[in-house]
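Reading the structure
Okay, here's what each chain looks like letter by letter:
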Amino acid sequence: MRKRIAVLLLSASCVFAQKASDWPSGSRMTPPTLSRVAPLGVARGMSVEMEIEGFNLANASAIYFSEKGVTGKILRVKELPDQAELRLGANGGVSSIDLGPMPPRNLVTVEVEISGEAVVGPVNFRLLTPLGTSPMGTFLVEPFFGEAADVEPNDSVDNATEVYLPAIFTGAISRNGDVDTYKIKVRAGQELSFENGGMLLGSTLQPVVRILNEDQSVLAEFGQDGGSSVKAFSYRFAKEGNYYLQITDFQQSGRASHFYRLKAGEFPYVSSVYPLGLQQGKQAKVKVEGLHVGSGEFEVQGVPSERDAFAVLTRPKLSTGLSFNEVRLELGQHPEVEAKEGVNSLSLPVTVNGKLKKEASFRFAAKKGEKLVFEVDAKRAGSDVDSFLEVVDAQGQSIERAVLRPVWETTTTLRDHDSASRGIRINSWNAIQVGDYVMLGGEVIQVSAMPKTPDDDMIFENFNGQRITYLDTTAEAHAIDSSIYKVQVHPAGAKFTSNGLPLTRLYYRNDDGGPGYSKDSLLHFTAPADGEYQLRLRDVRGELAKAQPYRLTARHAEPDFRLSMTPRNPNLPPGAAVPITVQAFRMDGFDGPIELRVEGLPKGVSATPSVMPPGQVFATILLKSDASLSVAGQATPIEVVGRAGKLARYANQEDQLKLLSMMPKPDITVSAITKVVEIEAGGTADVNLTVERQNGFKGRIPISVLNLPPSVRVLDVGLNGVLVNEEETKRGFTLAALPGSAALEQVIYVAGNVETRSPQQNQFAAPEAILLRVKAK
């Protein structure tokens, strides 16, 4: 164990310095990192000592929680022995990246007190240290049930662990084929509610839960679908007696992260509500279904939640008590009606509340060129409807939307690709440019960034890492060697001479709406002529066993946007600058500029004003601090807000732990030598920077170029990108503007990254911006 340094007055030199004289790349400052939290559940009305383990948590001074009724006090911090480390690289071998000596490993003990009025559910937290705030940790507030721990061996009924209800079953399926067995005693006719809290804590377990009779016959099994049905379920026992509960993994795999926290008792849990929402400013009666919900009805006011401007988040107060889970009710802006049997007539704008079993049909009128939007809210609100929308003409015939003409073909390579990732590896890209549309399977996607090297993915437009599809196509999974086509989008009815590649005609249909919509549908319709049309809503699986609630909104296009920020807890050194990356998801054709600001900044900290230009989806804000600011202090809540006309949207509004805190002098300082860059479309220009190393840091420094417009890229960066090697302090690189670039003027920034074992951003920007001018050819 390293020799601990006792200090009364914290400073960078005496608290964070590491003895690394024998390490080739010297010391480096690793941001606070969390690796373990115990216990993962705390009962209401209790006070417990919680252990939080991780890197560089020394001198932790405060803890911040996301929920009311939860408080905490740091009791002690001790240093732990180093652990052996094996890091794997991208090729599966041992990683060759030098991350410096192991940072100190600490155990923080926090006295956590849970109010008796605190709500049951997940609580997020961050620790405040002299190095800034930690990543977000999570634990559960739980009812005052006994905890039944997994005691091995308990693979069969012969060695089952006996449990008295109500209880919380806790354990892990830690090895392949592992089965945990518990013995319970119930009354005749007793109905037990079960909820798996492990899913709320990031467990990788896909649990299968079996209920066995005393003779070991299976009475019920939950989770056969791979885990989704065991989020919450119930079972009524016909006879009094002893029964067994068995928990295993759906794929019979095992690992430490396959943990569970399964509540069992007679508690209220809402599994479904109807309607799924209400009009803002109105009042509505909501019926509930679920476990032990009694009469199953409550009243709600259409007032937006603090954590979601577009919904009411509430825990219904039922005749059996306060619901253990939170219910989300969508807030609509339009008049609401109830769906009737048969074909419904729509008078736009309107929101229809109904229940779907087989198919629902709606009739509406539209004028030529009129742009309408149809949106389903079901899966996001907890309904089992996996919706599919289609607009047809009055005779029920599909309406052609566009024609996709392939002009070039290649294939995917290296691996299979899922339906979400923004990066796809392709065999060649000599005919593709940024902004081009390609068709892969049934989805249409747009190129966002070209591969930097032959061993790099092509990046497609995305939001929070999830691919965005166009023309209301749906993202799909793709096997290796799937064909991918560069396509031209032509109007409906267009005809062409065959070029040997498959022509595709798209219709007004949608399955999944894309980022933020889960399995809910979103369909944009432009009327080809004056007349009457039909909207059909069905479930992709066909007829459902039981009618499920849905919410359908039909409206005219309402241009809007959503924002996301990274990082959400910036740690800022005195006299330095750190970047916040803001991403926009543009909706209903919104393409205007978005003015970005940071609210809540403390004295001595400023933020560069930023405007996300029309058509762009990323922007960078630099946070800067005065050199005289003290490292000690507290974390300050901040908000990033974007404004466009009357619209104001907050980034990640649901996150209550967006905190700014101070940290010591960083390992590097970056300066931009180049102040102005002028590039003609199709041309190139050089950029130069310098790096000053501090705190004994000698490692390599990856360089990022921030706030680049999509039409400008970094050239010849090699496999590792723009890199300042171990013995270097200067670096130059080349920017290139695409041949079809439009004229623009925009600021860009250069920033250096210090590579560490922490998942937190450790990036420091040159405080001076570089003015980029692109001239049209």
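Numbers given to residues run from 1 along each chain, matching the order in which its sequence is written. Predicted model: local features are reported for residues with pLDDT of at least 70 only, side-chain atom pairs are reported and counted for 80 or more only, and whole-chain, interface and lining totals are derived from all residues. To obtain the side-chain values, all non-hydrogen atoms of the structure were included, while hydrogens and water were left out.

In this section: the nonpolar core. The term nonpolar core refers to a set of buried residues drawn from Ala, Val, Leu, Ile, Met, Phe, Trp, Tyr and Cys, joined through side-chain atoms within 4.5 Å. For each residue, the accessible area found with a 1.4 Å probe, counting protein chains only, is set against the maximum for its type, and the residue is called buried under 20%, exposed over 50%, and partly exposed in between. Ranked by internal contacts, the top residues of the largest apolar core, which has 55 residues, are F733 and L735. Contact criterion: two residues are considered in contact whenever any of their non-hydrogen atoms come within 4.5 Å of each other. Setting aside chain neighbours within four positions, we find F733 in contact with A685, D686, V687, L689, V705, V714, V722 and V750. Ranked by size, the runner-up nonpolar core spans 27 residues in total, among them F362, L389, L523 and A527.

The subject of this paragraph is the pairing of strand β36 (residues 437-440). Across four bridges, the pairing between β36 and strand β37 (residues 443-449) is antiparallel. Residue pairing across strands places Y437 opposite Q446, the latter belonging to β37. Between β36 and β37, which pair antiparallel and follow one another directly, the connecting turn spans two residues, one of which, G441, has a positive phi of 65 degrees. In short, DSSP must find at least two bridges between two strands for them to pair. Under the DSSP-based scheme used, a helix requires at least four consecutive residues in state H or I and a strand at least two consecutive residues in state E, with every element numbered from the N terminus. Here β36 runs beside strand β41 (residues 483-491); their pairing, made up of four bridges, is antiparallel. Residue pairing across strands places L440 opposite I484, the latter belonging to β41.

We now examine the sheet that holds strand β62 (residues 712-715). Read across the sheet, four strands follow the order β58-β60-β64-β62 without closing on themselves; strand pairing throughout is antiparallel. Bordering the open sheet on either side are β58 (668-672) and β62, each of which pairs with just one other strand. Within this sheet the neighbouring strands show an average axis-to-axis angle of 35 degrees, counted without direction. Relative to strand β64 (residues 730-737), β62 runs antiparallel, the two sharing four bridges. Across the sheet, L715 pairs through a bridge with T734, a residue of β64. Fitted lines through C-alpha atoms serve as axes, helices being fitted only where they are in contact, and the angles separating the N-to-C directions of these axes extend from 0 to 180 degrees.

Along the chain, Y507 turns up in strand β42 (residues 504-507). Owing to a relative accessible area of 28%, Y507 belongs among the partly exposed residues under this scheme. The spatial distance from the C-alpha of Y507 to the C-alpha of R28 is 56 Å, given a sequence separation of 479 residues. Not counting chain neighbours up to four residues away, the residues in contact with Y507 comprise S398, I399, E400 and R401.

Our next topic: the sheet that holds strand β19 (residues 259-265). Taken together, the five strands give an open sheet; going across it, the order is β10-β12-β19-β14-β17, and neighbouring strands pair in mixed fashion. In the strand order of this sheet, the two ends are held by β10 (146-149) and β17 (232-236), each with one partner. On average, adjacent strands in this sheet sit at an angle of 20 degrees to one another, irrespective of strand direction. As paired strands, β10 and strand β12 (residues 167-172) are joined by four bridges and run parallel to one another. The partner of E147 across the bridge, within β12, is I168.

Only one rule defines a salt bridge in this text: a Lys or Arg side-chain nitrogen within 4 Å of an Asp or Glu carboxyl oxygen. Applying the stated criterion across every chain, the model contains 47 salt bridges. Residue R187 pairs with E266 through a salt bridge whose shortest N-O separation is 3.2 Å. Linking R187 in the loop between β13 (180-186) and β14 (191-196) with E266 in the loop between β19 and β20 (269-274), this pair joins segments that are 79 residues apart in sequence. In this structure, D512 and K519 form a salt bridge, with 3.9 Å as the shortest nitrogen-oxygen distance. Salt bridges sharing common partners tie together E375, D377, R380, D520, R555 and D588.

Under the pairing criterion, centres of Phe, Tyr and Trp rings, with the six-membered ring standing for Trp, must be within 6.5 Å; the plane angle then separates stacked pairs below 30 degrees from edge-to-face pairs above 60, leaving the rest tilted. Counted by the stated rule, this structure contains 17 aromatic pairs. Look at F125 and F139: their rings are 6.2 Å apart centre to centre, the planes differ by 40 degrees, and that puts the pair in the tilted class. A residue pair is termed long-range when its members are at least 10 positions apart, and F125 in strand β7 (residues 121-129) and F139 in strand β9 (residues 137-142) qualify at 14 residues. Per residue, the accessibility class of F125 equals that of F139, and both read buried. Taken together, the ring pairs in this structure connect F364, F374, Y508, F525 and Y533 into an aromatic cluster. The lysine or arginine in question, K355, covers the ring of Y274, its NZ or CZ lying 5.2 Å from the ring centre. Criterion for a charge above a ring: Lys NZ or Arg CZ within 6 Å of the ring centre, and within 35 degrees of the ring normal. Stacked on the ring of F388, the Lys or Arg R538 has its end atom at 4.2 Å from the ring centre.

All right, on to the pairing of strand β4 (residues 62-65) then. Covered by surrounding structure in β4 are I63 and F65 only, the residues A62 and Y64 on the alternate face being uncovered. Bridging between β4 and β7 involves four bridges; their strand directions are antiparallel. Paired with I63 across the two strands is L127, which belongs to β7.

So, about the environment of V712. In this structure, V712 sits in strand β62. Classification of V712 by relative accessible area gives buried; the value is 5%. Sequence-wise, V712 and I679 are 33 residues apart; in three dimensions their C-alpha atoms are separated by 9.3 Å. Excluding residues that lie within four positions of it along the chain, V712 makes contacts with I679, L735, A736, A737, L772 and V774.

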